[in-house]
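# A look at the structure
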Amino acid sequence: MHASEDGPHPHGHDHGHDHEHSALSGNALRVRALESILVEKGYVAPDALDAIIETYETRIGPRNGARVVARAWADPAFREWLRRDATAAIASLGYGGRQGEHMVAVENTPEEHNLVVCTLCSCYPWPVLGLPPAWYKSAAYRSRAVIDPRGVLADFGVTLPEARRIRVWDSTAEIRYLVLPMRPAGTEGWSEEALAELVTRDSMIGTGLARDPAGAPA
Ligand code: FE
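Residues numbered from 1 in each chain as written. Predicted model: local features only at pLDDT ≥ 70, side-chain atom pairs only at ≥ 80, totals over all residues. Heavy atoms only, no water.

Within the protein chain, the secondary structure is distributed over 10 helices and four strands. Across the 218 residues in the protein chain, those meeting the buried criterion constitute 48%. At a minimum sequence separation of 6, the contacts of the protein chain that also span at least 24 residues come to 70%. Carbon and sulfur atoms provide 53% of the accessible area of the protein chain, an area that totals close to 10600 Å². (Helix = DSSP H or I, 4+ residues; strand = E, 2+ residues; numbered from the N terminus. Buried < 20%, exposed > 50% of the residue type's maximum accessible area, 1.4 Å probe, protein only. Contact = heavy atoms within 4.5 Å. Areas by Shrake-Rupley, 256 points an atom, 1.4 Å probe, with all protein chains shown as cover.)

Okay, here's the thing in structure tokens:
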């Protein structure tokens, strides 16, 4: 079941509809952070929560991951390092710490598309993507990503060639996956900074692709 013709959300389940919006209010971030931490750890002290919120509001988010991807696109040696030892390669750019202790980068190719989920709860590579979007933690995403990944991608507006395999990676407390999306054609010679603008959060989860350079500032 996939690629229906009756719109991007034919199954009517809740994706939160927030995957296009990156600007969250402080309150929304607060709730999200609290929720994530309660899920992951079961407890947090209020002052620790304030510090974490400030960190994730101002310092940590999907732009970190976008810089990692852009470097990998621009620098083959870095891409090899990322595939071999993502934790170290990512740490070399200054991104590391909690929820990112063991990172694995999975590379999209014309033959294979990668999709990341945590079927158990909401494990997510915080240092490179920030806090997980609400839909990532939804029961619908967590269950359907495994059963019907092509249908989930269709819900996100992504239709892949039939021949392209979809590989689903189940995150755990030990391993957090980062998808390395394919570099869009027509970006030869672009700076890393310009390339990073094409890298969306969803493209690093696998529910999206990198932006079309025709619609982005070069
Ligand atoms: Fe989890």
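Enumeration over the complete set of coordinates arrives at nine salt bridges. A salt bridge links Arg71 to Glu192; the shortest N-O distance between them is 2.9 Å. One end of the pair, Arg71, is in helix 3 (residues 62-74); the other, Glu192, is in helix 9 (residues 192-196), with 121 residues separating them in the sequence. Under the relative-accessibility criterion, Arg71 is labelled partly exposed at 27%. Its salt-bridge partner being Asp202, residue Arg201 comes within 3.2 Å of it at the nearest N-O pair. The buried category is assigned to Arg201, whose relative accessible area is 14%. When salt bridges that share partners are traced, they join Arg79, Glu80, Arg83 and Glu107 into one network. (Salt bridge = Lys/Arg side-chain N within 4 Å of Asp/Glu carboxyl O.)

Here the focus is the side chain of Ser203. Structurally, Ser203 is set in helix 10 (residues 201-205). From its side chain, Ser203 meets the backbone oxygen of Thr200 in a polar contact 2.7 Å long. (Polar contact = N/O pair within 3.5 Å; in protein donor to acceptor, adjacent residues only side chain to side chain.)

Further remarks concern the coordination of the iron ion. Summarising the metal site, the iron ion is bound by the protein donors Cys118 (SG), Cys121 (SG), Ser122 (N), Cys123 (N) and Cys123 (SG), whose distances to it range over 2.2 to 2.7 Å. On the primary sequence, the residues serving as donors to the iron ion are separated as C-x2-C-S-C. On the accessibility criterion, Cys118 (1% relative accessible area) is buried. (Donors = N, O, S within 2.8 Å, 3.2 Å for Na, K, Ca; no water.)

As a further point, take the packing of aromatic side chains. The final tally for this structure, using the stated rule, is eight aromatic pairs. Here Trp135 and Phe156 contribute two aromatic rings whose centre-to-centre distance is 4.7 Å and whose plane-to-plane angle is 65°, an arrangement assigned as edge-to-face. On the criterion of sequence distance, the pair formed by Trp135 in the loop between helix 6 (126-129) and helix 7 (139-147) and Phe156 in the loop between helix 8 (149-155) and strand 3 (165-170) is long-range, its members being 21 residues apart. Using a relative accessible area of 0% as the deciding quantity, one classes Trp135 as buried. (Phe/Tyr/Trp six-rings, centres within 6.5 Å; stacked < 30°, edge-to-face > 60°.)

Counting 56 residues, the largest nonpolar core has Leu82, Ile90 and Tyr141 as its most contacted members. By residue number, the principal contributor to this core is helix 3, which donates six residues. Not counting chain neighbours up to four residues away, the residues in contact with Ile90 comprise Val68, Leu82, Tyr95, Met103, Val128 and Leu178. (Core = buried A, V, L, I, M, F, W, Y, C linked by side-chain atoms within 4.5 Å.)

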